[in-house]
Amino acid sequence: MTARSKTLLLKNADVLVTMDTERREIPGGGVFIRDGVIEAVGPADQLPATADEVVSLAGCVALPGLVNTHHHMYQTLTRAIPGAQDAELFTWLRTLYPIWAGITPEMIRMSTLTAMAELILSGCTTTSDHLYLYPNGSRLDDSIEAAATIGMRFHAARGSMSVGESDGGLPPDRLVESEAAILKDTQRLIETWHDPARHAMRRIVVAPCSPFSVSRDLMREAADLARAYGVSLHTHLAENDNDIAYSREKFGMTPAEYAESLGWVGPDVWHAHCVKLDAAGIALFARTGTGVAHCPGSNMRLASGIAPIPAMRTAGMPVGIAVDGSASNDSGHLLGETRQAMLLARVGHGPAAMSARQALELATLGGAKVLGRDDIGALAPGMSADVVAFPTGGLDLAGAAVHDPVAALLFCTPQDVRHSVINGKVVVSDGQLLPVELPTLIERHNRLARELMNRHH
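Residues numbered from 1 in each chain as written. Predicted model: local features only at pLDDT ≥ 70, side-chain atom pairs only at ≥ 80, totals over all residues. Heavy atoms only, no water.

> So what's going on with the overall build of the chain? Residues and values would help.
Assigned secondary structure in the chain consists of 14 helices and 17 strands. For 457 residues, the compact-globule estimate of 2.2 N^0.38 gives 23 Å, and the chain sits close to it at 21 Å. For the chain, buried positions account for 61% of its 457 residues. Within the chain, contacts between residues separated by at least 24 positions form 75% of all contacts whose residues are at least 6 apart in sequence. Of the accessible surface of the chain, which amounts to about 16600 Å², a share of 52% is contributed by carbon and sulfur atoms. Treating the 38 positive side-chain charges of the chain as one cloud and the 50 negative ones as another, the clouds have centres 2 Å apart. (Helix = DSSP H or I, 4+ residues; strand = E, 2+ residues; numbered from the N terminus. Rg over C-alpha atoms; globule rule 2.2 N^0.38 Å. Buried < 20%, exposed > 50% of the residue type's maximum accessible area, 1.4 Å probe, protein only. Contact = heavy atoms within 4.5 Å. Areas by Shrake-Rupley, 256 points an atom, 1.4 Å probe, with all protein chains shown as cover. Lys, Arg positive; Asp, Glu negative; His and termini not counted. Charge placed at Lys NZ, Arg CZ, Asp CG, Glu CD.)

Dropping the structure here:
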């Protein structure tokens, strides 16, 4: 006997932003969901009147769940560390690496839960996380298990560093691994955890950290491994001027040329930052369908620069939004980050460089494309049931929501969600995160953050 299907009706949103092929925005719109998949989208008279569970979205703008394309969740433990507040990327890394060397498996789990809670409350339903250091018995499995606890759709990137200081790399030798061990563990993770199916809640990504912390051989072998298993590839690229100088000095190439020489271009590849991607690099990535995770807040904080996002979009490159690691942003609010993307594009490229709706598109459809997914990022029949609803009736949006409630989400103070549904399950109800006790989590996380600093001193 088959189990009875479970239905969920979300109804009466002030506006439902679909991001479908027509980019419909439906007043009084709703979504009917069966077993975690969207069955119908439209105004109330086009939807079933009843379901096993009914949630009113009145007073809210509803959107497809936002997609975060790059993060380092362990860094929630080292936000706003005094010695690293005013540094550029390389100095910032050198300051923090010795502290991160004290991280434990429990710290990985708690920081992942903390980062995911912050993301979910800010409208994010799918995230990637790039974990590239594994001290004291830590494993990527620690963050994968945390994601399952909180119920977030997760692309877990198996990062790695293999070139330490003694070999001319940036990280201390005690934080690097042997390349054989990296490849073996990456293969184990794919075979254990990767789900290639549509609507998958968990995917594994092959993700050597950066050109200045791994060898050419590892980059090549990682690409071969990923393609043998049909999984995505991810790394940092062209992040700032020092990054470009390193690439030119060590490899005699621009970062984009280096990526191409190693097979690191294609629709199964996305790179974080690309602040300094040149015109030839943009053309190459557009031609090959190579994606970018745009991290505006982090790029501003580290003074890396303004990524040429309008040129990338014009060229047809896949671009998504990312909060980046919590020690270089130090906020994990994805709606806030989407606002930053819109504002930073205007600072760099003029007032019409990015509209509110274009920014929201990068945070939904853009992120889905970067992660290689066609089942998230829009509200339409057959898509995964990831839906978020932001309230518009508060003080922050007064005088804005009456004119354009969708644009108000980005022009005004970024809100937290009132409701969030991930894979057809209600994860936030009336502003309350259901899967974890936030006060307990925050207390434990802060205790571990103190412990990590004490280990260092």
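> Can you break down the side chain of T7 residue by residue, with the values?
Within the element layout of this structure, T7 appears in strand 1 (residues 7–17). A relative accessible area of 9% places T7 in the buried class. Those residues within four positions of T7 in sequence are excluded, and the remaining contacts are F32, I33, R34, A51, D52 and E53.

> Got a sec to walk through the pattern of salt bridges? Specific residues and values, please.
A side chain with one charge may pair with a side chain of the opposite charge, provided their charged atoms come close. Here the structure, examined in full by the defined rule, presents 22 salt bridges. Residues R109 and D142 are paired through a salt bridge, measuring 3.3 Å at the closest nitrogen-oxygen approach. Linking R109 in helix 2 (residues 105–121) with D142 in helix 3 (residues 140–150), this pair joins segments that are 33 residues apart in sequence. In this structure R109 comes out as partly exposed when scored by relative accessible area, which is 32%. The salt bridge involving R301 is made with D330; its shortest N-O contact spans 2.7 Å. (Salt bridge = Lys/Arg side-chain N within 4 Å of Asp/Glu carboxyl O.)

> Describe the packing of helix 2 against helix 3, and please don't skip the residues or the numbers.
Look at helix 2 against helix 3: their axes get within 8 Å of each other, and the N-to-C directions meet at 40°. Classified by the angle their axes make, helix 2 and helix 3 are oblique. Note on packing geometry: the crossing formed by helix 2 with helix 3 is right-handed. Listed contacts from helix 3 to P105, I108, R109, T112, L113, M116, A117 and I120 of helix 2 are D142, S143, A146, A147, T149 and I150. A class-by-class count of the residues in the contact of helix 2 with helix 3 yields nine nonpolar, three polar and two charged. (Axes fitted to C-alpha atoms, helices over the stretch in contact; angles between N-to-C directions. Parallel < 35°, antiparallel > 145°, perpendicular 65-115°, else oblique. Left-handed = near helix turned anticlockwise from the far one by under 90°. Nonpolar A, V, L, I, M, F, W, Y, C, P; charged D, E, K, R; others polar.)

> I'd like a rundown of helix 6 (residues 241–251), residues and numbers included.
For helix 6, the set of buried residues is D243, I244, Y246, S247 and F251. In an axial view of helix 6, the angular spread of the buried residues amounts to 160°, which keeps them on one side of the axis. The exposed residues of helix 6 that point more than 90 degrees off its buried face are D241 and E249. Against the buried residues of helix 6 lie helix 1 (89–100), helix 5 (216–229), strand 10 (233–237) and helix 7 (255–261). Of the residues flanking the start of helix 6, the one acting as N-cap is N240, its side-chain oxygen 3.1 Å from the backbone nitrogen of N242. Just past helix 6, the residue G252 takes up positive phi, approximately 65°. (Arc of directions from axis to C-beta. Polar contact = N/O pair within 3.5 Å; in protein donor to acceptor, adjacent residues only side chain to side chain.)

> Describe the environment of G297, listing the residues and the values that go with them.
Topologically, G297 is positioned in helix 9 (residues 296–301). Here G297 falls in the buried class, since its relative accessible area comes to 5%. Measuring from C-alpha to C-alpha, the distance between G297 and S5 comes to 42 Å, with 292 residues separating the pair along the chain. Ignoring anything within four residues of it in the chain, the contact list for G297 reads S328, N329 and E337.

> Hey, could you go over the pairing of strand 10 for me, with residue numbers and the actual values?
Burial analysis of strand 10 places five of its five residues in the buried class, the great majority of the element. Alternating residues of strand 10 divide into L233, T235 and L237 and H234 and H236, and every residue in both groups is buried. Pairing geometry for strand 10 and strand 11 (residues 269–273), over five bridges, is parallel. Looking at the pairing, L233 lines up with V269 of strand 11. (Pairing = 2+ DSSP bridges.)

> Could you give an account of helix 12 (residues 356–370), with specific residues and numbers?
A rise of 1.5 Å per residue sets the reference length of helix 12, with its 15 residues, at 21 Å; its end C-alpha atoms lie 20 Å apart and thus fit the reference within 8%. Along its length, helix 12 shows its largest kink, about 35°, at L362. At the C-terminal side of helix 12, G372 shows a positive phi close to 75°. (Expected span 1.5 Å × (residues − 1). Bend = angle between axes of the 7 residues up to and from the residue.)

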